Amino acid sequence: MRVDERTALTIPATLQALRIISGVFAMAPLHMYGRTPEGRTRLDDHPAEILLAERPNAHQSPFALFELIMSDLLLAGNFYAYVSLNARGEPVALTRLRPGSVVVAEYFDRAEGQILFYDATLPDGSRERFAARNIWHIAGLSRDGLIGLNPVQYAREALGGALATSEHAHRFWSRGGKPSTVLTTEQKVSPEDKTRIRADWERLHAGLEGSATAVLDQDLKAEFLSHNFKDSQFLETRQFQVVDLARIWGVPPHLIFELSKATFSNIEQQSLEFVTYHLGPHFARVAGAATRQFGGNGTYFEHLTDALVRGDLKSRMEAYWLQRQMGMVNANDLLRRENQNNLPGEAGTEYWRPANMALAGQPVTPARNQGANNAQ
């Protein structure tokens, strides 16, 4: 079977797996932060923040860009984009380059280490060598640290098996679900008669509409070569291939509708593991590549995954209440998490602290005495 990106996407399990992992990955926005003595602050006015969180180019939304990034990483192992810079050297647009149109060239300098250049063909057809600042390259799993491995090439046997099984089912049903037929006779049949008999039989009985009655001459007898799909475990084979494809693309089987081993109790746990173990490395890879390409001293990128790990309403409210009691957040922080407006004035900016807590090692002054002292 011919296995490439196009044929791999004709497998329903592969198409659904890529749709799930690319779409869910793109749901987590990427933001730029700067380190401060108090912790960190989001750099909403930085050109790179505007580029990746608001407007990557003239025709794509951030969701569409990151969905495309993940699709390229899964199907080709690498994502390349040409970075358009303004007169101040600030990034203003990203243009995706086809993975096959870019070649990585390396140069080693003893003082600076390994330096990369990119021989790339741009959408206008021009081809030249670019410095690393002009090409945003995100590499998937790699064996040399330069170019990511192509999952489709390395998994071609498993993908080819799924394609062959699907093709076999297609051919069987295209014959109307009829088994193969052998016409036998004790008489000698000339090659010309064999050709004519075969053509007549296929005209009457091949395809979905082949249900005519056959009248055989020359003592011909029809023998049907039956094929038992149950004995050959055809359905079990297709079911196993779905699980195998889930392994290739890194998604829990229940997300591509393989529910034979799923239960009510473990699906929720598998969904949490999907964010942590399956998407987590992709988040770290893309955020690290963005920091390397667009970040400076004291700045870094990070994905917001809060929306992906939100529990049910009751569990979420209980977690919010604990954080509020512990003084970790104020009312406005919690309202923003629920996409609601802040409270008016300073009512939502106050932090709580439990009255029965104080700093470790210090005596607790009773509230009554403290009030009396303050009055004096």
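Below or above, wherever it landed, is the structure these notes cover. No experiment lies behind these values; they were computed from the predicted model shown.

A separate point is the side chain of Gln-323. Take Gln-323: it is sitting in helix H10 (residues 313–325). On the basis of relative accessibility, which here comes to 19%, the residue Gln-323 falls in the buried class.

The three strands are arranged S2-S1-S11 in an open sheet whose pairing can be described as antiparallel. The open sheet has two edge strands with one neighbour each: strand S2 (39–42) and strand S11 (299–303). If you compare each strand with its neighbour and ignore which way they point, the axes differ by 40° on average. For strand S1 (residues 30–36) and S2, the ladder comprises four bridges, and the chain directions are antiparallel. In the strand pairing of S2, Arg-35 is matched with Arg-40.

This structure, assessed with the given rule, holds eight aromatic pairs. Taken together, a centroid distance of 5.5 Å and an interplanar angle of 65° make the contact between Tyr-82 and Phe-130 edge-to-face. Note that Tyr-82 is positioned in strand S3 (residues 78–85) and Phe-130 in strand S7 (residues 127–131), a separation of 48 residues in sequence. Three or more aromatic residues joined by ring pairs form one cluster here, namely Phe-25, Phe-66 and Phe-283.

The subject of this paragraph is the pairing of S1. Among the seven residues of S1, five are classified as buried, and the element is accordingly described as predominantly covered. Two strands pair when backbone bridges link them, and S1 and S11 are joined in this way by five bridges, in the antiparallel orientation. Among the inter-strand pairings, Gly-34 is bridged to a residue of S11, identified as Thr-299.

Cut-offs used in this document
- Residues numbered from 1 in each chain as written.
- Predicted model: local features only at pLDDT ≥ 70, side-chain atom pairs only at ≥ 80, totals over all residues.
- Heavy atoms only, no water.
- Helix = DSSP H or I, 4+ residues; strand = E, 2+ residues; numbered from the N terminus.
- Buried < 20%, exposed > 50% of the residue type's maximum accessible area, 1.4 Å probe, protein only.
- Pairing = 2+ DSSP bridges.
- Axes fitted to C-alpha atoms, helices over the stretch in contact; angles between N-to-C directions.
- Phe/Tyr/Trp six-rings, centres within 6.5 Å; stacked < 30°, edge-to-face > 60°.

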